[in-house]
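This is what each chain is made of:
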Amino acid sequence: MTERKVKLDRANKSILLRALGDVYYGQRARGGSAEETGRLILRVNDLPAGCTLSAAEYRLAKAALNQLRTQRLAEGGYTDAVDDALARLLHAHTPLLLW
């Protein structure tokens, strides 16, 4: 299982939580299971500066940020904060394991 260590400051964490919240409420409105998204929201909210994401959580966070960016572009709004959070997520590295 591939994990990625993501370092987020307060602003990036807030944007990621906003994006995941939109996905969560969309899943709930469609009647789908939002359990995985809900768990990720709680994990990101509880951690102070960064976290380690599994491959599935990484894909979910990336999709959520892309969806929020697309929404803001369609509205004609600014995407600077979303772009920064997405860049930090995309530059996340896998932990180095020494044997």
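Rules and cut-offs
Residues numbered from 1 in each chain as written. Predicted model: local features only at pLDDT ≥ 70, side-chain atom pairs only at ≥ 80, totals over all residues. Heavy atoms only, no water. pLDDT = per-residue confidence, 0-100. Helix = DSSP H or I, 4+ residues; strand = E, 2+ residues; numbered from the N terminus. Buried < 20%, exposed > 50% of the residue type's maximum accessible area, 1.4 Å probe, protein only. Expected span 1.5 Å × (residues − 1). Contact = heavy atoms within 4.5 Å.

### Side note on the confidence of the model for the chain
Residues shown with low pLDDT carry predicted positions that ought not to be read at fine detail. For the chain, per-residue confidence averages 87 on the pLDDT scale, and 95% of positions sit at 70 or higher. No element of the chain has a lower mean pLDDT than strand S2 (residues 50–54), which averages 81, and none a higher one than helix H3 (residues 55–75), which averages 93.

### Regarding the environment of Asp46
Among the structural elements, Asp46 can be located in helix H2 (residues 35–46). The exposed category is assigned to Asp46, whose relative accessible area is 62%. Between the C-alpha atom of Asp46 and that of Leu20, which follows or precedes it by 26 residues, the distance is 14 Å.

### Some remarks on helix H1 (residues 10–29)
In a regular helix each residue adds 1.5 Å, so 20 residues correspond to 28 Å; H1 covers 28 Å between its end C-alpha atoms and thus fits that length. Those residues of H1 that fall on the buried side of the exposure criterion are Asn12, Lys13, Ile15, Leu16, Ala19, Leu20, Gly21, Val23 and Gln27. For H1, the secondary structure elements touched by its buried residues are H2, H3 and helix H4 (80–90). Following H1 by one or two positions, Gly31 has its phi on the positive side, about 85 degrees.

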